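Per-entry structural report
Listed here are the chains, written in short residue letters.
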Amino acid sequence: MDSFHEQLVEDSAFLKAEQRLDTELVDKLILQLNRIYPQILTDKEATKFRNLDVPTSVRLGELLTNLQGKGEEACKEFYRALHLHVEEVYYSLPTRLRLRDALDPLASPRVYRQRHVMNDRGPLFFLGCFGVAMGMTILYYYSEAKVTGGSRALGMAALGLKRKAQEVLIWYTEESLMK
C-alpha cells in the first residue's frame, strides 16, 4: 500500500480538476483541518486558503502542496476530512479506485488459466502410454496362445522401448516360451 503522501501526490491532479469540489466543500475541508488539527493547518494558513479572491482550484492546489510538504500525517488527515465531507469524491479518487479493484474479485474478473500438468510431454505421449498399456492388457487377458506369433512379436516390440518396458516384455516372452 502506498503512503498517504504518495497517494496525495497521485490524486492531486484529479482533485484540482474535480468539479464537485466547490468553494463551500473546500472551505469545509480547510476548517476541518484547522479546527481539529491546528498543528497541520494553522489559523494563518487556513485564512490564506479560504481567500475567496483566489479561484477554488488554485486554493485547493496550494492546500495540497502545503499538506504534502508537511508530511505523512497531514496527508492522512486530509484524506480523513475528504472522506467525512465529500464521500463521493473520496471514493472516486484514482488511488481508491485502484485499491477497490485490487480487493474486489467481482469488479474485474481475472481469468486464471488452471493447468494441471503431471508432465510437459503433451497429448501424444499420453496416447502412446495409453496404447502400450492397452496392448499389454490385451496380451495379458488373451494370453500368449490366443495371439498368433505372440512371443516373437513381443520380443521384437521390446527393441524400441526403454529399459524397464524392455525387461517386462522380455520377461513375458521368456515365461511364455517355458510353458
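One structure accompanies this document, and this report is about it. (Residues numbered from 1 in each chain as written. Predicted model: local features only at pLDDT ≥ 70, side-chain atom pairs only at ≥ 80, totals over all residues. Heavy atoms only, no water.)

**Focus: the side chain of Arg96**
Examined against the element boundaries, Arg96 turns out to sit in helix α7 (residues 94-103). Nearest to the buried, unbridged Arg96 among oppositely charged side chains is Asp11, at 6.0 Å. Among the polar contacts listed, one links the side chain of Arg96 to the side chain of Gln7, at a separation of 3.0 Å. Here Tyr90 takes part through its side chain, which lies 3.3 Å from a polar atom of the side chain of Arg96. (Helix = DSSP H or I, 4+ residues; strand = E, 2+ residues; numbered from the N terminus. Buried < 20%, exposed > 50% of the residue type's maximum accessible area, 1.4 Å probe, protein only. Lys, Arg positive; Asp, Glu negative; His and termini not counted. Salt bridge = Lys/Arg side-chain N within 4 Å of Asp/Glu carboxyl O. Polar contact = N/O pair within 3.5 Å; in protein donor to acceptor, adjacent residues only side chain to side chain.)

**A few points about the side chain of Asn34**
With respect to the secondary-structure elements, Asn34 resides in helix α2 (residues 23-36). Setting aside residues up to four positions removed in sequence, Asn34 forms contacts with Leu41, Thr42, Asp43 and Ala46. (Contact = heavy atoms within 4.5 Å.)

**Comments concerning the packing of aromatic side chains**
If you walk through the whole model with that rule in mind, you get 5 aromatic pairs. Taking 6.1 Å as the distance between ring centres and 65° as the angle between the ring planes, the aromatic pair formed by Phe78 and Tyr79 counts as edge-to-face. Residue Phe78 shares its accessibility class with Tyr79, and that shared class is buried. Centre to centre, the rings of Tyr79 and Tyr90 are 6.5 Å apart; their planes meet at 70°, and the pair counts as edge-to-face. (Phe/Tyr/Trp six-rings, centres within 6.5 Å; stacked < 30°, edge-to-face > 60°.)

**With respect to the pattern of salt bridges**
Applying the stated criterion across every chain, the model contains 6 salt bridges. The closest approach of N and O atoms between Arg20 and Glu18, which form a salt bridge, is 2.7 Å. By relative accessible area, Glu18 is classed as buried at 13%.

**Here's the deal with helix α4 (residues 56-70)**
A rise of 1.5 Å per residue sets the reference length of α4, with its 15 residues, at 21 Å; its end C-alpha atoms lie 21 Å apart and thus fit the reference within 8%. Taken residue by residue, α4 has Thr56, Arg59, Leu60, Gly61, Leu63, Leu64, Asn66, Leu67 and Gln68 as its buried positions. Against the buried residues of α4 lie α1 (4-17), α2, α3 (43-49) and α5 (72-85). Of the residues flanking the end of α4, it is Gly71, one or two places downstream, whose phi is positive at about 105°. (Expected span 1.5 Å × (residues − 1).)

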